[in-house]
Amino acid sequence: MTDHNANSAPAATPDIVYTLTDEAPMLATRSLLPIIKGFTRAADVSVGTADISLAGRILAAFGLADDDLARLGALTQDPAATIIKLPNVSASLPQLKAAIAELRDKGYELPDYPDEPTTDAEREVRAAYDAVKGSAVNPVLREGNSDRRAPRAVKAYARSHPHSMGAWSPDSKTRVATMDADDFRHNERSVVIPEAGTVQIRLVPADGGQPVVLREALPVTAGEVVDATFMSARALDEFLVGANAAAKADDVLLSVHLKATMMKVSDPLIFGHVVRAFFPMTFNAFGLVLAEAGLRAEDGLASILAGLDALPEGERIRASLQEELELGPRLNMVDSTRGITNLHVPSDVIIDASMPAMIRAGGKLWDADGGQDDTLAVIPDSSYAGVYQAVIDDCKAHGALDPRTMGSVPNVGLMARKAEEYGSHDKTFLIPADGTVEVVVTQGTGRAAGTVLLSHAVEDGDIWRACQTQDAAVRDWVHLAVVRARATGAPAVFWLDPERAHDRTIASLVERYLAAEDTTGLDIRILDPVAATRLSLERARRGEDTISVTGNVLRDYNTDLFPILEVGTSAKMLSVVPLMNGGGLYETGAGGSAPKHVRQLLEEDYLRWDSLGEFLALAEALRHVAQVSGNARATVLADALDAATTTLLEEERSPARRLGGIDNRGSHAWLALYWARELAAQTADADLAARFAPVAERLGEVNEAVQAELVAVQGHPVELGGYYLPDPALADAVMRPSAALNAIIDAL
Ligand SMILES: NC(=O)C1=CN([C@@H]2O[C@H](COP(=O)(O)OP(=O)(O)OC[C@H]3O[C@@H](n4cnc5c(N)ncnc54)[C@H](OP(=O)(O)O)[C@@H]3O)[C@@H](O)[C@H]2O)C=CC1
Ligand SMILES: O=C(O)CCC(=O)C(=O)O
Ligand SMILES: [Mg+2]
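Numbering of residues begins from 1 in every chain and follows the order in which that chain's sequence is written. Labels are handed out in written order, letters beginning with A for the chains and numbers beginning with 1 for the ligands. The model is predicted, so local features are restricted to residues of pLDDT at least 70 and side-chain atom pairs to those at 80 or more, both for listing and for counting; the totals for chains, interfaces and linings are taken over all residues. Excluding hydrogens and water, the side-chain values take into account all heavy atoms of the structure.

An unreviewed UniProt entry lists the protein under the name Isocitrate dehydrogenase [NADP], with Actinomyces ruminicola given as the organism. UniProt positions are given in the numbering used here, feature names are shortened, and annotations may be inferred rather than shown by experiment. In the Sequence similarities (unreviewed entry) part of its UniProt record, the protein is described as follows: "Belongs to the monomeric-type IDH family."

Enquirer: Looking at this structure, I do not really get the coordination of the magnesium ion (ligand 3). What am I missing?
Expert: Six octahedrally arranged donors around a metal ideally form angles of 90 or 180 degrees; four tetrahedrally arranged donors ideally form angles of 109.5 degrees. Counted as donors are the N, O and S atoms within 2.8 Å of the metal, or 3.2 Å for Na, K and Ca, while water is not among the atoms, so some sites may look incomplete. Only Asp352 (OD) and Asp556 (OD) from the protein reach the magnesium ion (ligand 3) as donors, at distances of 2.0 to 2.1 Å. Here Asp556 lies in helix 18 (residues 552-567) and Asp352 lies in helix 13 (residues 351-360), a separation of 204 residues in the sequence. Burial here depends on accessible area, computed with a 1.4 Å probe over protein chains only, as a share of the maximum for the residue type. Under 20% is buried, over 50% is exposed, and the range in between is partly exposed. By relative accessible area, which is 4% here, Asp556 ends up buried. Each helix is a run of DSSP H or I of at least 4 residues and each strand a run of E of at least 2, with the numbering of both proceeding from the N terminus.

Enquirer: Is there a simple way to explain the site of ligand 1 in this structure?
Expert: Neighbouring residues are identified by heavy atoms, a residue being near a molecule or strand if any of them is within 4 Å of it. Near ligand 1 there are 24 residues, and of these Gly592, Ser593, Ala594, Arg608 and Asp610 occur at the shortest range. Counted as a polar contact is a pair of N or O atoms within 3.5 Å, where, for protein atoms, one must be capable of donating a hydrogen and the other of accepting one, and residues adjacent in sequence contribute only when both atoms are in side chains. Asn88 places a polar main-chain atom, nitrogen or oxygen, 3.0 Å from an oxygen atom of ligand 1. Contact distances for ligand 1 include 3.4 Å between an oxygen atom and a side-chain N or O atom of His597. Note on areas: Shrake-Rupley with a 1.4 Å probe; residue coverage comes only from the protein chains shown. Contact with the protein chains removes 84% of the 880 Å² of surface that ligand 1 exposes when unbound. For this scheme, ten residues count as nonpolar: Ala, Val, Leu, Ile, Met, Phe, Trp, Tyr, Cys and Pro. Four count as charged, namely Asp, Glu, Lys and Arg, and the remainder, Gly too, count as polar. Looking at the shell around ligand 1 residue by residue, the class counts come to nine nonpolar, 10 polar and five charged. Here the limits of each domain have been adopted from an automatic or database domain assignment. Looking at which domains feed residues into the shell around ligand 1, each of domain 1 (16-143 + 579-746) and domain 2 (175-183 + 233-398) gives three or more.

Enquirer: Honestly, the environment of Ala357 in this entry has me stumped. Any pointers?
Expert: In this structure, Ala357 sits in helix 13. For Ala357, a relative accessible area of 42% gives the class partly exposed. Along the sequence, Ala357 and Gly568 sit 211 residues apart, while their C-alpha atoms lie 9.2 Å from each other.

Enquirer: Even after reading the chapter, I still don't get the side chain of Ser232, so can you show me in this structure?
Expert: One can find Ser232 in the loop between strand 9 (225-231) and helix 8 (233-250). With sequence-adjacent residues up to four places away left out, Ser232 is seen in contact with Met179, Asp182 and Asp462. In what follows, a contact means two residues having at least one pair of non-hydrogen atoms within 4.5 Å.

Enquirer: Explain the pattern of salt bridges here, please?
Expert: Where charged atoms from two side chains of opposite charge come close, those side chains can pair. Take a side-chain nitrogen of Lys or Arg and a carboxyl oxygen of Asp or Glu: if they are within 4 Å of each other, that pair is a salt bridge. Taken as a whole and assessed by the stated rule, the structure comprises 51 salt bridges. Of the charged contacts, one joins Lys97 and Asp115 as a salt bridge, the two residues approaching to 3.0 Å between their closest N and O atoms. Remark: Asp115 occurs in the loop between helix 4 (93-105) and helix 5 (120-132) and Lys97 occurs in helix 4; sequence separation between them is 18 residues. For Lys97, a relative accessible area of 29% corresponds to the partly exposed category.

Enquirer: Any chance you could explain the UniProt feature "binding site: Mg(2+)" (unreviewed entry) in the protein here in plain terms?
Expert: The UniProt record annotates "binding site: Mg(2+)" (unreviewed entry) at Asp352, Asp556 and Asp560. In sequence the annotated residues extend across 209 residues, while in space they remain close, none of their C-alpha pairs exceeding 6.9 Å. In contact with Asp556, other than residues within four places in its own chain, are Lys259, Met262, Asp352 and Tyr422. In this structure the side chain of Asp556 is engaged in a polar contact, spanning 2.7 Å, whose partner is the side chain of Lys259. Within the element layout of this structure, Asp560 appears in helix 18. A residue is classified by how much of its surface remains accessible, and Asp560, at 3% relative accessible area, is buried. Setting aside its immediate chain neighbours within four residues, Asp560 contacts Asp352, Ala353, Pro356, Ser570, Ala590 and Gly591.

Enquirer: What is the right way to look at the domain arrangement of the protein in this model?
Expert: As a measure of interface size, the accessible area lost when the parts come together is often cited. Under the domain assignment, the protein is made up of domain 1 (16-143 + 579-746) and domain 2 (175-183 + 233-398). Taken together, the 12 residues of domain 1 in the interface contact 10 residues of domain 2. The term buried area refers to how much accessible surface (probe radius 1.4 Å) is lost by two components on association, counted for both of them together. Both sides of the domain 1 and domain 2 interface together cover about 930 Å² of buried area, and 51% of this is carbon and sulfur. For the domain 1 face of the interface with domain 2, the top three residues by lost area are Pro94, Ser135 and Arg599, together amounting to 37%. At the boundary of domain 1 and domain 2, one finds one salt bridge. Joining domain 1 to domain 2, the criterion identifies five residue pairs in polar contact (both at pLDDT 80 or more). Top contributing element to the side of domain 1 that touches domain 2 by residue count: helix 4, with three residues. Classifying every residue of the side of domain 1 that touches domain 2 gives three nonpolar, five polar and four charged.

Enquirer: Any chance you could explain helix 8 here in plain terms?
Expert: Helical geometry note: an α-helix holds 3.6 residues per turn, so side chains three or four residues apart project in the same direction. A helix is expected to reach a length of 1.5 Å times the quantity of its residues less one. Between its terminal C-alpha atoms helix 8 stretches 25 Å, which fits the 26 Å expected from 18 residues at 1.5 Å a residue. Of the positions making up helix 8, those classed as buried are Ala233, Ala235, Leu236, Phe239, Leu240, Ala243, Asn244, Ala246 and Ala247. Each buried residue of helix 8 sits inside an arc of 170° when the element is viewed along its axis, so together they form one side. Those residues of helix 8 that are exposed and angled more than 90 degrees off the buried face are Glu238, Val241 and Ala249. Buried residues in helix 8 make contact with strand 5 (175-177), strand 9, strand 10 (253-256), helix 9 (266-278) and strand 14 (372-378). Summarising the geometry, the arc corresponds to the directions from the helix axis toward the C-beta atoms.

Enquirer: Can you walk me through helix 2 (residues 54-61) in this structure?
Expert: Judged by how many residues are buried, helix 2 sits mostly within the fold: seven of eight residues are covered. Looking at the buried positions of helix 2, the neighbouring elements they touch are strand 2 (47-51), helix 3 (68-75), helix 4 and helix 5. Looking one or two places after helix 2, you find Gly63, whose phi comes out positive at around 70°.

Enquirer: Can you walk me through the site of ligand 2 in this structure?
Expert: Every residue near ligand 2 is listed here: Ser90, Ser135, Asn138, Arg142, Arg148, Lys259, Met262, Asp352, Arg555, Asp556 and Ala590. Within the side chain of Arg142, a nitrogen or oxygen atom sits 2.8 Å from an oxygen atom of ligand 2. In the environment of ligand 2, an oxygen atom lies 2.9 Å from a nitrogen or oxygen atom belonging to the side chain of Arg555. When the free accessible area of ligand 2 is taken as 290 Å², the share hidden by the protein chains comes to 89%.

Enquirer: How should I be thinking about the confidence of the model for the protein in this particular structure?
Expert: Detailed conclusions should not be drawn from predicted coordinates in areas where pLDDT is low. Here pLDDT means the predictor's own confidence in every residue, given as a number from 0 to 100. For the protein, the average pLDDT comes to 96, and 99% of its residues sit at 70 or higher. Taken as a whole, residues 1-10 scores under 50 in pLDDT and shows 35 contacts with residues more than four places along the chain or in a different chain.

Enquirer: Got a minute to help me understand the packing of helix 14 (residues 385-398) against helix 17 (residues 529-541) in this structure?
Expert: Interaxial angles span 0 to 180 degrees and are taken between N-to-C directions of axes, which are lines fitted to C-alpha atoms, for helices over the stretch in contact. Contact pair helix 14 / helix 17: the axes reach a minimum separation of 8 Å and the direction vectors enclose 35°. Once helix 14 is placed against helix 17, the crossing between them reads as right-handed. On helix 17, the residues touching Gly386, Val387, Ala390, Val391, Asp394, Cys395 and His398 of helix 14 are Pro529, Val530, Thr533, Leu537 and Arg541. In terms of residue class, the contact of helix 14 with helix 17 is built from seven nonpolar, three polar and two charged. Throughout, a crossing is termed right-handed when the near helix is turned clockwise from the far one, and left-handed when it is turned anticlockwise from it by less than a right angle.

Enquirer: Whenever I open this one, the nonpolar core confuses me. Can you help?
Expert: A general trend in soluble globular proteins is that nonpolar side chains are found buried together. Note on terminology: a nonpolar core comprises buried Ala, Val, Leu, Ile, Met, Phe, Trp, Tyr and Cys residues joined through side-chain atoms within 4.5 Å. Ile16, Phe39, Leu622, Trp675 and Phe692 are the most contacted members of the largest nonpolar core, which has 63 residues in total. Top element by residues in this core is helix 20 (residues 612-629). It accounts for 10 residues. When near neighbours in sequence (up to four residues on either side) are disregarded, Leu622 contacts Ile16, Thr40, Val45, Ala634, Leu637, Ala638, Leu641 and Trp675. With 39 residues, the next largest nonpolar core counts Leu254, Leu258, Ala277 and Phe286 among its residues.

Enquirer: What's the story with the sheet that holds strand 21 (residues 524-527) in this structure? I'm lost.
Expert: To summarise the sheet geometry, strands pair through backbone hydrogen bonds and adopt either a parallel or an antiparallel arrangement. For two strands to count as paired, DSSP must find a minimum of two bridges between them. Read across the open sheet, the 10 strands follow the order 2-1-3-24-23-4-15-22-20-21; overall the sheet is mixed. Bordering the open sheet on either side are strand 2 and strand 21, each of which pairs with just one other strand. Within the sheet, the average angular offset between the axes of one strand and its neighbour, ignoring direction, is 20°.

Enquirer: I tried to follow the packing of aromatic side chains on my own but got confused; where do I start?
Expert: Each aromatic ring pair is described using two quantities: the centre-to-centre distance and the angle formed by the ring planes. Between the rings of Phe, Tyr and Trp (Trp by its six-membered ring), a pair exists once the centres lie within 6.5 Å; its type follows the angle of the planes, with under 30 degrees stacked, over 60 edge-to-face, and the other angles tilted. Enumeration according to the criterion identifies 12 aromatic pairs in this entry. Pairing Tyr388 with Tyr557 gives two aromatic rings, centres 5.7 Å apart and planes at 35°, and the pair type is tilted. One end of the pair, Tyr388, is in helix 14; the other, Tyr557, is in helix 18, and 169 residues separate them in sequence. When sorted by exposure, Tyr388 lands in the same class as Tyr557, which is buried. Measuring from centroid to centroid gives 5.2 Å for Trp477 and Phe494, while their planes differ by 85°, and the two rings are edge-to-face. Residue Trp477 is located in helix 15 (residues 471-488), and its partner Phe494 is located in strand 20 (residues 492-495); the two are separated by 17 residues in the primary sequence. Judged by relative accessible area, which is 0%, Phe494 ranks as buried. Counting every residue linked through ring pairs, the aromatic cluster contains Phe39, Trp675 and Phe692. In this scheme, the term charge over a ring applies when either NZ of a lysine or CZ of an arginine sits within 6 Å of the ring centre and within 35 degrees of the ring normal. One Lys or Arg, Arg465, reaches over the ring of Phe184 and ends 4.0 Å from the middle of that ring. Above the face of the Trp670 ring, Arg653 is positioned so that its terminal group lies 3.7 Å from the ring centre.

Quick look at the structure:
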């Protein structure tokens, strides 16, 4: 596989494929991967790389680089596949455009992103870029369901070293605002397809015109659950007017929480409604001018402000926006020192991380003066909003959760084969005219051609979407839940909402597949998400664990929510995806790529990214290699690595957050030392012990000097030669500044 970011990989499929991604995790990889390669080489485990960075994917889309993502996607079907997947940027449009601009500056001949494609050639370019946009990696690699949990050592560390938690007051004004009708939750319809076939999605216009084909041919498999739903634009706008007024009346910060990256078609559109609703006078007066200049509310306030200088009316529009900022409710700030509001960039506030951070902070978000205040958290669709309100209610009634005593809520998530909403972007449409959207049989499915399976009366501007969930994925998910319940003895709760058509269908499948499992002695329940939240919190407060078994969206939400409350960050989670064909995908943590970490590195040569997720994933990946290849040394490496990770936690060698402490690079040096010591001390493999004894000794000798060196470099701005595609030599120089450490690692 090609490699824009690091050393080149062997041609044959390596035992482990390590992904090269973006931002902080990609930079951390520059320091960690040489250590991993050195240690694994000694045990005959080969480690290759696959470049799935945003830059790499853009270049691949235009034939300027190999398509590593496609190859990795194919590899997920191989029973021997072992893949370590670090978080990558799921690019919003502003991020995609910034990456294109950087690559063009570097001399790559890439076309501009066509905002308004008019020719076929432009439409092709647009389609190629749109395939790279948003969450374009995870759905390709996630050919299995997910098992995310806090390892015992991580939980033990959090209990003895509790992270800070903001206090919750019973008088907190923080609450969630969500729609009570005409949203995705309320309009959902669901059908099970008896046999494989093809369906078409079309809009039959109300004016009697020809049907508009929205999706020509959508393949469906036997037993697949197909849903359709829509959000009414009119209902959304009414709701937003009310939410703005409520935030103003309550004098709390208005904040909006969406997933514009993963729900890359629907959520930027909803974000656009939010921006327009906040600035109604400006869009009334200048909406046409802005649209003609290509300045879209969907791209956020920052994009609009950046384009105003080029417009004759620019100053008037800027003044109007400013006036409305002062008139409206106070806005939550993403960065108050730089004046970045919650409405600046659609990908700055991502619900899975933003809501838990707010809850952890006692229900507070940042205001314009750098202070913290209560918030009205706007989550337009009501499908999952109730979960957050339930947590808020619980914290108001019982105070903040206590990491020293609280139990755990691990997750078994349905995500295989692009399950549910997160696979819906190629079936999501902004409705162009009033009419009826129909999902119609074109071939197979066990129904007559022309049968309308699902339909909705819609209006111009509504957001309509269909979701698919394959039967085999559901069956595998139910089995994984039983396996985890058996392994832990904890109750497993399926979070399914009887008010939702899709969830009712899934619940009936769960019951069917549970009947085929041995569940003797296990406590397995199905509860609606709000009741499940309440039960899980009540048990957590008693120190008891409860497995949450959820669909794809709640998988995403819960695997940040509970980890952030329990262990301070989702970066410390073990995140295993047993691939349905037998391979193993090991994701690192549940968090993303934390762009603010890169800024800190650039400004002061300090990377606070915690690679604990990578350490945990690597140990699991090594065990999988041992299992599929019979190389017992891989198990020895894995056990030693887990022991080293436990020591690293106990001895507090994880990155601190501030200059002068251990950063990412320092923690890697400690890991290498502890790992070598464990390998030298183990008795399962005498050769490995002999091989690592001198390594442990040399690392031990230089460690104090290396750690001092790694602290000494801190405190100055550094140059990486690019954000999305840093210069390899510059990035290596920054991430591997210790010659003494490098000499030992490179000699392994
Ligand atoms: N699996 C994937 O590929 C995912 C990708 N993303 C992408 O990541 C980017 C940022 O998303 P965002 O929602 O801000 O989420 P992040 O998880 O990147 O950031 C939220 C916060 O979590 C903390 N954090 C997360 N991981 C680590 C770590 N390893 N070490 C230390 N702290 C960590 C940091 O908080 P603090 O510094 O306050 O402790 C960080 O600011 C986006 O481009 C998004 O699309 C997001 C989620 C998953
Ligand atoms: O793919 C993405 O954009 C985000 C994935 C994510 O947040 C998760 O799986 O936890
Ligand atoms: Mg997530």
